[in-house]
Each structure stands twice: as structure tokens, then as C-alpha cells.
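# Residue-level structural notes
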Amino acid sequence: GTQLAVMGRATSTTLALMAVVVVVVNAGCPNQCSLNGVCSADKCVCDDGWTWDDCSRLDLLPAPSSVSFHGRDVNKSSWGGSVLQLAVNGKQKWAMFAAEMTRDCTLRHWLTNSEVVLALADKPTGPYSESFQIIPPWAHNPEAILTKDDQVVIYTLGDGIAAHGPEYRCDLPNPPPPAPWNPPAPTPPSTEVHDVYFLVHHAPVSKFTDRSAWQSFNATILDFPVNFHWEGNWNPAPVALPDGRVRVMAHTGFSGFYNTSNGTIAGWSGEVVIEAPSWRGPYRIITTDDITNCTHCEEDPFMWQDHRGNWHVIYHRMFDNGTACNGYPRFNPDGKVPANPCKSPEGLWSMGHSYSADGKVWSPISRCANTTVPLSDGTSVTMVSRERPKLVMGDDGRPAWLSNAVQPFEASAGPDAGVTHTLVVPLNVKQNRPRQV
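So, a few notes on the structure that sits alongside this text. Quick caveat: nothing in here was measured; it's all calculated off a predicted structure.

What counts as what
- Residues numbered from 1 in each chain as written.
- Predicted model: local features only at pLDDT ≥ 70, side-chain atom pairs only at ≥ 80, totals over all residues.
- Heavy atoms only, no water.
- Helix = DSSP H or I, 4+ residues; strand = E, 2+ residues; numbered from the N terminus.
- Buried < 20%, exposed > 50% of the residue type's maximum accessible area, 1.4 Å probe, protein only.
- Contact = heavy atoms within 4.5 Å.
- Pairing = 2+ DSSP bridges.
- Axes fitted to C-alpha atoms, helices over the stretch in contact; angles between N-to-C directions.
- Polar contact = N/O pair within 3.5 Å; in protein donor to acceptor, adjacent residues only side chain to side chain.
- Core = buried A, V, L, I, M, F, W, Y, C linked by side-chain atoms within 4.5 Å.
- Disulfide = S-S within 2.5 Å.
- Phe/Tyr/Trp six-rings, centres within 6.5 Å; stacked < 30°, edge-to-face > 60°.

### Examining the overall build of the chain
Secondary structure summary: the chain contains 2 helices and 26 strands in total. Relative to its 437 residues, the chain shows a buried fraction of 54%. Intrachain contacts of the chain at a sequence separation of at least 6 include 58% that bridge at least 24 residues.

### Some thoughts on the sheet that holds strand 24 (residues 380-393)
Read from one edge to the other, the open sheet built from 4 strands follows the order 23-24-25-26, with strand pairing classed as antiparallel. The strands lining the two open edges of the sheet, one partner per strand, are strand 23 (372-374) and strand 26 (421-426). With direction set aside, neighbouring strand axes in the sheet form an average angle of 50°.

### Here we look at the environment of Ser354
Mapping Ser354 onto the fold places it in strand 21 (residues 349-356). Overall, Ser354 belongs to the buried group, its relative accessible area being 2%. C-alpha separation for the pair Ser354 and Ser366, spaced 12 residues apart in sequence, amounts to 6.7 Å. If we ignore the near neighbours within four places in the chain, the residues touching Ser354 are Trp311, His312, Val313, Tyr315, Trp362, Ser363, Pro364 and Ile365. Polar side-chain contacts of Ser354 include one of 2.6 Å to the backbone oxygen of Ser363.

### Remarks on the nonpolar core
Counting residues in each nonpolar core, the largest one holds 37 residues, and the members touching the most others are Leu58, Tyr128, Val373 and Leu402. Among the elements of the structure, strand 8 (91-101), strand 9 (114-121), strand 19 (298-305), strand 22 (366-370), strand 24, strand 25 (399-408) and strand 26 are those that each provide at least two residues to this core. Excluding its chain neighbours within four sequence positions, the residues that come into contact with Val373 are Ala63, Thr379, Ser380, Val381, Met383, Arg386, Leu423 and Val425. The next biggest cluster of nonpolar side chains, apart from the first, holds 22 residues, and it includes Leu111, Trp234, Ile274 and Ala276.

### Looking at the environment of Leu111
Here Leu111 is to be found in helix 1 (residues 110-113). Sequence separation between Leu111 and Gly165 is 54 residues; the distance between their C-alpha atoms is 8.3 Å.

### A closer look at the sheet that holds strand 10 (residues 129-135)
Strand order in the open sheet formed by 4 strands is 7-8-9-10, with antiparallel pairing between adjacent strands. The outermost strands of the open sheet, each flanked by one partner alone, are strand 7 (78-88) and strand 10. On average, adjacent strands in this sheet sit at an angle of 25° to one another, irrespective of strand direction. Taken together, the 8 bridges between strand 8 and strand 9 define a ladder with antiparallel strand orientation. Looking at strand 9, one finds that Met96 is bridged to Ala119.

### Some points on the state of the cysteines
If you walk through the whole model with that rule in mind, you get 4 disulfides. Residue Cys29 pairs covalently with Cys39 via a disulfide, S to S 1.9 Å. Between Cys29 and Cys39, the S-S torsion sits near 85°, and that sign places the bridge as right-handed. Linking Cys29 in the loop between strand 2 (22-26) and strand 3 (37-40) with Cys39 in strand 3, this pair joins segments that are 10 residues apart in sequence. Cys39 gets classed as partly exposed once you look at its relative accessible area, which sits at 32%. The disulfide partner of Cys33 is Cys44, and the S-S distance across this bridge is 2.1 Å.

### Concerning the pairing of strand 17 (residues 271-276)
Burial analysis of strand 17 places 6 of its 6 residues in the buried class, the great majority of the element. Every second residue of strand 17 is oriented toward a common face, with Glu271, Val273 and Glu275 on one face and Val272, Ile274 and Ala276 on the other, all of them buried. Bridge count for strand 16 (residues 246-251) against strand 17 is 6 bridges, and the pairing is antiparallel. Of the residues in strand 17, the one forming a bridge with His251 is Glu271. Counting the residues between successive antiparallel strands, the hairpin from strand 17 to strand 18 (residues 283-285) contains 6 residues, one of them, Gly281, with a positive phi of roughly 90°.

### Focus on the side chain of His140
Structurally, His140 is set in strand 11 (residues 140-146). In terms of polar contacts, His140 uses its side chain to reach the side chain of Ser114, at 2.7 Å. The residues touching His140, leaving out its near neighbours within four places in the chain, are Trp79, Ala99, Met101, Leu107, Trp110, Ser114, Thr156, Leu157 and Arg388.

### Quick look at the pairing of strand 3
Strand residues, when the strand is regular, have side chains that alternate between the two faces of the sheet. Across 4 bridges, the pairing between strand 3 and strand 4 (residues 43-46) is antiparallel. Paired with Gly37 across the bridge in strand 4 is Cys46. What sits between strand 3 and strand 4 in their antiparallel hairpin is a turn of 2 residues, with Ala41 showing a positive phi close to 55°.

### Brief notes about the packing of aromatic side chains
In the structure shown here, the tally under the stated rule is 13 aromatic pairs. On the numbers, 6.2 Å between centres and 65° between planes, the contact of Phe97 with Trp214 is edge-to-face. Here Trp214 lies in the loop between strand 13 (193-204) and strand 14 (215-225) and Phe97 lies in strand 8, a separation of 117 residues in the sequence. Look at Phe97 and you get buried, because its relative accessible area is 0%. Both rings, one in Tyr155 and one in Phe198, keep their centres 6.1 Å apart while their planes meet at 35°; by these two values the pair is tilted.

Next up, the structure:
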């Protein structure tokens, strides 16, 4: 049978404003198959690359290697990358736009030493070879899109300006410890809005391997709530639409209390979606308020629109209430095992998935991937951190690989102890399965 379902959460503060999306679903299929499949005979038939009874989990194949990109050499630390398939001298290459730490620093110094570099590979899983720096520190969590006007446009946390002080000199003997960083303190809830600005970096797709072709452009978000503490931890997740519009999921900094009267709550509270007629802006918020409305539960969104026109996002899920030890292992920049780490693989779920029919009203977040990476040699490695999730699209424009920033546990890392890197693994899709002879 069928039933009517309303997607999203209705509360007294949002019901009047929320765009209600009514869809017809089969009562036997849970969660509308997460919009990642179709319902047949009361069971979900999942799209390639997705699995589970409700198609909510990524279906990952073993990775050929536990490292796709370190940086300039194996001693450098990178922290995630956005990958596009682009032509270089008439041949298809895989271009990674990655965050890398300068001056031999590790992720401990990401606030001062994170740059954005271009790296190229013959295969999406790598290995990638670095070409040059595109954006100097400070710039982090790059997300690249190919726009209708044939520009490669990179959105970043940070504009390539030393917002947190000069680059730390890890390349010097006995450098002093880094200065602590404290996020902005909570401020009283406000109804005020203001215009805010950010830099995107862009180059013609025909010249993206020419360092001199890269330029910056100052874009505007109109009427952005003061509560969102721009720019905070905004981690933009852009999607280029066929008509030239660009839609971006933006992390709402340190608002924490935007949808609650409790002003003591502070942290990574949620997301909003902004949209512009082109990548140059101006951008406006198209959702009514924080989408996820939670504290320290998610960050690092990656958003896309599927072949049916539905919207999806995967996050770095910062904690998991469904586990006995109630949590994702505490991040440690040196890769040491936490004092009380989660022992069960169910305690290491580090990525979550959410879906939407219109890109404005979203489902709750559910588990979609954990920190264990199976390898093609039959072994596996469990990371202390697996963050910055980004999907890489295949020949059909659908998700075919998963890119993450990863950090091994020190006990199993060997020479990688304390060094982070970027890993791209295949999804179980036709393009990645062995061909039948």
C-alpha cells in the first residue's frame, strides 16, 4: 500500500515557514529508500553504489591503496580533496584540488598552514602527483565545480589570507608549540542580517593546469543572519546546475542556538542552503533556518543532485548516538589512540547521509560509512579519523568514488604516524566492477 509522508521536522517555530514536500511512498520500504533506489514488492532496490534495507549506506569496494595523495612527498600532510575528471593536453586526467599543510607541518597547524594545491592522476584512486599551489594559506576544505561557462571554480573555508597568523615554521629545528585557537564566544540570539563576502578561485577549464590562469573573485551573500558568525566554519558545498545557477550548502559557523531559546548552546549547529544565478553571485539563503539544528553533530557537507532530481548530502558525522560508547573517537592531531576509543566498528561511524526532494527540507542524518577501509589485498585499515567526505562522479554523472581525509592510528601507521593524507576508494558501481569475459 501507499501512504503520504512529510519530509523534514515540523516544529512550532518552523511549521509556518517550512515548505512541505508531500510524496507518495510505499509503506513497506523504509525511509523512501533514502531516495537512493526504488521500492519494489515492499523492498528497496538500491541504486548502484548504495546498500542496506533503506539504501542509506555507501556500498564501497576494496581500495587499491590506503593512500591516494600525501602531498609533495610522503612526509607531507594533506587533508582531503575534491576530484574532477578533466582534459589535459587532449587526455582525460583526474584533477584533485587538495588541502595540504605547508612547511612540513601536520594537521595540528591547519589554521595557519593549510594551502590548496592541484594534483593530477591517471586513475581516480591515484596516486596523485602535485602540480602547484593554487591558493596560499589560509585556505582549507576545497570543493571544485565545473560551471556552465566552462570555469573550474574552487570554494574554500578561508580566502587565501593569513586569518589566523603567519605560517608556522615546522621546518625549523625545535619550533615552539602552536598557539591555542579558541572559537568565538556565543552571543545573544539576534534577528539582524548583513551582507557577507568570500573569495572563490577560478580558471578556464582549458587552462586549469596553467598556474597563471587562476584568479580570485569576491562573491556576496545577501542578508546573512548575524547569528551565523560569518565566516566561522562555513565549509561550502557547491553544486553547479545546468542552467548556470549554483546552489551551496553552508555550515552555520558557531550559531548553536539559532533555533532555540537556550543561549548557552554553542557549536556546529547546522546548515543552510544558498543559491545564486551564477557562481559569481549574489547568493541568497533559500532555506528557512538551520537544516540540521544540532550541536557538534556534523560538519564538512558534500551536496549533489541525483539523476532523478533529488538532493543528497553526506557529512562528517562528529558523534553517533547509536553506539554503546556513544561516540566517534576524539580527534588527535598526533594520531595517538584515544584514551577510551570505541571498540566496536559500530562505534566508528564517521559519515552520515541525508536526502531531500527539493534541496530545502531535509531528512534526519543516518549512518552511511565508517572508518574501516578494506583493501584489495584482503587486509583492512581502521582510521582514527575519516573526514571531509566528497563523492567523485563517474562517466554517467553518478557517484562512483568516495574521497576522504584520513589519519591512521599511530600503532598501525608506521612512518605515517602523525601524518594525514587523502584517500579515494571505489563505490560498487558498474564502472568499477571487474568486466565479465
